[in-house]
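Chain by chain, the residues run as shown.
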Amino acid sequence: SERGIGTKMTITLPITLAIVSALLVRVSEQTFAIPLASVSEAIAFDGRGVRVVDGREVMTLRGTTLPLCRLDRLLELPSGETGRGSRRRFVVVASLASRRLGLIVDHLYGQQDIVIKPLGHSLRDVRGFAGATELGDQRVGLVLDAAALIEEVLAGTEPDRVRAGALHG
């Protein structure tokens, strides 16, 4: 670089990266990202409205039945529930075509544009995760594959259970 002439810089991003808008959520003490393309809404969770139908937890949302998935249980994370029972939780309504699933989370951080990096070879076949992202505080957050979760949970099978903490290692 020479004074008065300027400098040309070229940044090349690997083709394996994808930038998407996501909703950042906390489940237990882990942060996850859910692509906004899969999110139709997020509402406060009222456990009093939950009932069990055919062995599955559901709630009524605007006159329709919404199946629920407690992500802490699905991912085998320590439960965010306490004996107080007054802690506020949220339901993120994820949709795939006409199918919907309410994902119960502990906290909503808000929307953020993220860069999704694919999981490594050893984790590539783990269902329920689309990849990972680096969060603003240099922690790694897993990106949930909402479509895969909807398919697996509503089909009555669960994705391979993975301790999310082990992936954050």
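Residues numbered from 1 in each chain as written. Predicted model: local features only at pLDDT ≥ 70, side-chain atom pairs only at ≥ 80, totals over all residues. Heavy atoms only, no water.

So, the overall build of the protein
If you tally the helices and strands in the protein, you get three helices and 11 strands. Listing each helix as α and each strand as β along the protein from the N terminus yields β-β-β-β-β-β-α-β-β-β-β-β-α-α. Counting all 169 residues of the protein, 39% fall into the buried class. Within the protein, contacts between residues at least 6 apart in sequence are counted, and of these 59% link residues at least 24 apart. Carbon and sulfur atoms make up 51% of the accessible area of the protein, which amounts to about 10,000 Å² in all. (Helix = DSSP H or I, 4+ residues; strand = E, 2+ residues; numbered from the N terminus. Buried < 20%, exposed > 50% of the residue type's maximum accessible area, 1.4 Å probe, protein only. Contact = heavy atoms within 4.5 Å. Areas by Shrake-Rupley, 256 points an atom, 1.4 Å probe, with all protein chains shown as cover.)

Focus: the nonpolar core
Phe-32, Ile-34, Leu-71, Val-92, Leu-103 and Phe-129 are the most contacted members of the largest nonpolar core, which has 28 residues in total. If one sorts the elements of this core by residue count, helix α2 (residues 146-154) sits on top with five residues. Counting residues in hydrophobic clusters, the runner-up holds nine residues, among them Ile-43, Met-59, Leu-61 and Leu-66. (Core = buried A, V, L, I, M, F, W, Y, C linked by side-chain atoms within 4.5 Å.)

A look at the side chain of Ser-38
With respect to the helices and strands, Ser-38 occurs in the loop between β2 (30-35) and β3 (39-44). The contacts of Ser-38, once residues within four sequence positions are left out, are Val-93, Ala-94, Ser-95 and Ala-146.

Observations regarding the confidence of the model for the protein
Scored by pLDDT, the protein has a mean of 85; 84% of the residues are at 70 or more. The model gives residues 157-169 a pLDDT under 50, and that stretch makes 35 contacts with residues more than four places away or in other chains. (pLDDT = per-residue confidence, 0-100.)

Here's the deal with the sheet that holds β3
Read across the open sheet, the six strands follow the order β3-β7-β8-β6-β5-β4; overall the sheet is mixed. A single partner strand is all that each edge strand has here, and the edge strands are β3 and β4 (51-53). The sheet shows a mean angle of 40° between the axes of neighbouring strands, taken without regard to direction. In terms of strand pairing, β4 meets strand β5 (residues 56-61) through three bridges, oriented antiparallel. From the neighbouring strand, Val-53 faces β5, where its bridge partner is Arg-56. (Pairing = 2+ DSSP bridges. Axes fitted to C-alpha atoms, helices over the stretch in contact; angles between N-to-C directions.)

Quick look at the sheet that holds strand β10 (residues 129-134)
Spatially, the five strands line up as an open sheet ordered β9-β1-β2-β11-β10, and their pairing is mixed. The open sheet has two free edges, formed respectively by β9 (107-116) and β10, since each of these has just one partner strand. Averaged over all pairs of adjacent strands, the angle between strand axes in this sheet comes to 35°, irrespective of strand direction. Examined bridge by bridge, β2 and strand β11 (residues 140-144) share two bridges and lie parallel to one another. Across the sheet, Ala-33 pairs through a bridge with Val-143, a residue of β11.

A word on the pairing of strand β1 (residues 18-27)
One ladder, built from nine bridges, connects β1 with β9; its direction is antiparallel. What sits directly across from Leu-23, in β9, is Gln-111. Looking at chain direction, β1 and β2 are connected through six bridges and run antiparallel. Looking across to β2, one finds that Val-25 is bridged to Phe-32. Here β1 folds back onto β2 in antiparallel fashion, the turn holding two residues, of which Ser-28 has a positive phi close to 60°.

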